[in-house]
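What the coordinates show
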Amino acid sequence: MKKQNVRTLSLILCMFSYLLVGAAVFDALESETESSRRRILELKRTEMKKKYRLSEDDYRQIEQVVLQAEPHHAGRQWKFAGSFYFAITVITTIGYGHAAPGTDAGKVFCMFYAVLGIPLTLVMFQSLGERMNTFVRYLLRRAKQCLGLRRTEVSMENMVSVGFLSCIGTLCVGAAAFSHYEGWTFFHAYYYCFITLTTIGFGDFVALQKKEDLQEKTPYVAFSFMYILVGLTVIGAFLNLVVLRFLTMNTEDERRDAQERASIKRERGLLTMGGITFFCNFYKLIKNEKLTPSIQPLCYVKPKDVQE
Amino acid sequence: MKKQNVRTLVLIMSIFTYLLVGAAVFDTLESKQERSQKRKLDERKWELIQKYNLTKVNFDELEVVMLQLKPHKAGVQWKFAGSFYFAITVITTIGYGHAAPSTDSGKVFCMFYALLGIPLTLVMFQSMGERINTLVRFLFHRVKQCLGLHHTEVSMANMVTVGFFSCMSTLCVGAAAFSHYEGWSFFHAYYYCFITLTTIGFGDYVALQKDHALQNDPRYVAFCFVYILTGLTVIGAFLNLVVLRFLMMNTEDERRDAEQKALLSTRGEKNADGGLSAVSVSASTSSSTPLATTTGGTKRGPKDVYNEVLGFQTVCSCLWYRSRENLQGQGSIPMIINRDLGFSDQYPGDTGCVCSPNQCISSIASGLNFLTPFRAFAKRRSSV
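Quick caveat: nothing in here was measured; it's all calculated off a predicted structure.

This next bit is on the overall build of chain B. Helix and strand counts for chain B come out as 15 helices and zero strands. In chain B, which comprises 384 residues, the proportion classed as buried is 44%. Carbon and sulfur atoms make up 63% of the accessible area of chain B, which amounts to about 20,100 Å² in all.

Put into structure tokens, the structure is as follows:
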């Protein structure tokens, strides 16, 4: 089978096995905690219903209000700063969901906004990432020259190590900052930065959600936005270095196959023409006739040049 | 400034402008509704507090419990089906957040899982998307042939149209299915499919959260998983067709710049070497005009030409070569036909001699007329 098809099939199988393994592990890690926690909460609920003398219906009513009021706890989400934050989560596909368009018009605009914004953002991050990689390559070469090393070319391993270290560095810087400002543990802040910069964006931890931070703490707001965009650039640069070549593998193979097919066709065509001329000449030799000039494409004899 | 730098700066500017414009529009569309909704909810809250004789503290207590119970309302989230759903949302980066690891070990495993899973998934979707595009191109080509059209090549516009329509229909199919099973309006289901397949994944609408569907309705669960993965493949194919080339632009330009630099430096070396070095036309050089540039430089006399011709007296070497203008004035000259090496890439190696022995000798002989003094000399020698 063609190489591209084999590659695609193995990737599909890999992904399915990866999903199955992941599901099994998450099940093992989380199921028990989930069921025990649920039991505790349900007990508490019954307790409270009894304490406040609420029927199921009453409870349902209160619950509805509480759940609807949840996004409002974090303050105004749709003023300019909040909308800017939302726009970032849309075009980078992070999509926390801490705020989602409530109006239908908002939903429609969100869809059109994403259709144009997401490819634009992808191209921008890859473009900037490539520039960063080129710059880092240049700096590394200079550093190697300054250190007086013999071989000053920057190898792929050098680039990958630098890229990896910068990713880890970015995550740690973010973790330190957010754990300080949001009051999370370092681990939770690190988890938040990771989930954000890989654009997964669960929304279980979201920055700028403490009591009107979006409206009041402007420098922190600016820092958060810059952190997300710069962090995504660093991750994008690493992806550009390591992953992008694999995204074009099938396309390159297909192009090479097409070129080979075209060249084989041309060879065959010319061999046929050459063969025909050869046999014609041979025939004429036997018959002692004037020979035809050799084939134009092969030997590039243009009639007018022969006369010169 | 270099093209790549200009391009990058322009893109950065456009993103910032795009964000500013988007923020302004979202502000206009949503702010008012947010304010009125908050007011209504606050009123309702006070109403309920009065009705059930609660204090604020009691209410806050209730609130905490209710919010914590929220993810559990949708059913068991971490049994195998739910975990599989979660794993999908991680490696495709959709990340609804309807379920998120609560244990620390879950969080750690989630990070490592994503680290390997996300690139694997990206490569898989692009690979699969490229295969789909090739298949579609082939089918389109066949269709054009069957319809008896003149031009049977599939243009980029054709492919983009087909890709766009398949994306739209994927979204519509999903919208129809989810609006039926989840009880959403068609528009909300369409919005859900769109947000899912662009991997934004807000989590305001999440499938499989009603009536414990994850545990009770395996067929619907399977449909959801298949829909998400297939839909992402279709979107991936469209991105592969339209966007992937732009992701490579800077890298390609950088590579081209490097090649040009290398080419210029080697060509400079060649010109320094001088004329006859490139006479051995073994088609090893890949530049298109090797002989023209190198032999045209130095002035060569008849002796050089004679040496050249003698060097090629092996009859069946089918090298026909043409010398430059400075030799053409000296009467009949050997036809040194420049073999256009631009074509040498096309046929690996010589495809065989197609000239006959007589042809080679006659042309060389006809060109050696100016060498009669030498020939006379040679004759004299032989007589002795």
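With that settled, consider the packing of helix α1 (residues 3–51) of chain A against helix α10 (residues 249–287) of chain A. Residue and element names in this part refer to chain A. One can describe the packing of α1 onto α10 by two numbers: an axis separation of 9 Å at closest approach and a directional angle of 165°. Overall, the two elements α1 and α10 adopt an arrangement that is roughly antiparallel. The hand of the α1/α10 crossing is left-handed. Between α1 and α10, the residues in contact are Lys3, Gln4, Arg7 and Thr8 and Met249, Asn250, Asp253, Glu254 and Asp257, respectively. Of the residues contributing to the contact of α1 with α10, the split by class is one nonpolar, three polar and five charged.

This part takes up the interface of chain A and chain B. Counting from both sides, the interface comprises 143 residues of chain A and, opposite them, 141 residues of chain B. In total, chain A and chain B occlude about 13,200 Å² of area from one another, counting both sides; carbon and sulfur atoms represent 72% of this. Where chain A packs against chain B, one counts six salt bridges. The biggest single contributor to the side of chain A that touches chain B is α1(A), with 31 residues. Grouping the amino acids of the side of chain A that touches chain B by side-chain chemistry returns 79 nonpolar, 38 polar and 26 charged.

In this structure's numbering, the residues bearing the UniProt feature "transmembrane region" (unreviewed entry) are residues 6–29, 80–99, 105–125, 159–177, 189–208 and 220–248 of chain A. Split by type, residues 159–177 of chain A is 100% helix and 0% strand. Its first and last C-alpha atoms lie 27 Å apart.

To continue, consider unusual backbone geometry. All names here are of chain B. The backbone of Asn53 sits at a positive phi, close to 60°, despite the residue not being glycine. Along the chain, the position of Asn53 falls in the loop between α1 (3–51) and α2 (56–73). Note on Asn53: relative accessible area 70%, which makes it exposed. Even without a glycine there, the phi angle at Thr93 is positive, about 60°. As for its placement among the helices and strands, Thr93 is situated in the loop between α3 (80–91) and α4 (104–146). Assessed through its relative accessible area of 9%, Thr93 is described here as buried.

Moving on, we come to the packing of aromatic side chains. Counted by the stated rule, this structure contains 47 aromatic pairs over all chains. Centroid distance A:Phe178 to A:Phe223: 5.9 Å. Interplanar angle 50°. Geometry classified as tilted. Placement of A:Phe178 in helix α5 (residues 156–182) and of A:Phe223 in helix α8 (residues 218–242) is noted, with a sequence separation of 45 residues between them. Judged by its relative accessible area of 30%, A:Phe223 is partly exposed. Ring centres of B:Tyr85 and B:Tyr96 lie 6.1 Å apart, and the angle between their planes is 55°; on these two criteria the pair is classed as tilted. Taken as a pair, B:Tyr85 in helix α3 and B:Tyr96 in the loop between α3 and α4 lie far apart in primary sequence, 11 residues in all. Taking the relative accessible area as the measure of exposure, B:Tyr85 reaches 1% and is therefore buried. The cationic tip of A:Lys49 hangs over the ring face of A:Tyr59; the distance from NZ or CZ to the ring centre is 5.5 Å. One cation-aromatic arrangement involves B:Lys107 over A:Tyr191; the distance from NZ or CZ to the ring centre is 5.4 Å.

Under the defined criterion, the tally for this structure stands at 23 salt bridges over all chains. Where B:Glu254 meets A:Arg131, a salt bridge forms, and the shortest distance between an N and an O atom there is 2.6 Å. Remark: A:Arg131 occurs in helix α4 (residues 104–146) and B:Glu254 occurs in helix α10 (residues 249–273); the pair is interchain, linking two chains. Look at A:Arg131 and you get buried, because its relative accessible area is 13%. Salt bridges sharing partners connect three or more residues here, namely A:Lys2, A:Glu254, B:Glu130 and B:Arg131.

Definitions and limits used
- Residues numbered from 1 in each chain as written.
- Chains lettered and ligands numbered in written order.
- Predicted model: local features only at pLDDT ≥ 70, side-chain atom pairs only at ≥ 80, totals over all residues.
- Heavy atoms only, no water.
- Helix = DSSP H or I, 4+ residues; strand = E, 2+ residues; numbered from the N terminus.
- Buried < 20%, exposed > 50% of the residue type's maximum accessible area, 1.4 Å probe, protein only.
- Areas by Shrake-Rupley, 256 points an atom, 1.4 Å probe, with all protein chains shown as cover.
- Axes fitted to C-alpha atoms, helices over the stretch in contact; angles between N-to-C directions.
- Parallel < 35°, antiparallel > 145°, perpendicular 65-115°, else oblique.
- Left-handed = near helix turned anticlockwise from the far one by under 90°.
- Contact = heavy atoms within 4.5 Å.
- Nonpolar A, V, L, I, M, F, W, Y, C, P; charged D, E, K, R; others polar.
- Buried area = accessible area lost by both parts, 1.4 Å probe.
- Salt bridge = Lys/Arg side-chain N within 4 Å of Asp/Glu carboxyl O.
- UniProt positions renumbered as here; feature names shortened; annotations may be inferred.
- Phe/Tyr/Trp six-rings, centres within 6.5 Å; stacked < 30°, edge-to-face > 60°.
- Lys NZ or Arg CZ within 6 Å of the ring centre and 35° of its normal.

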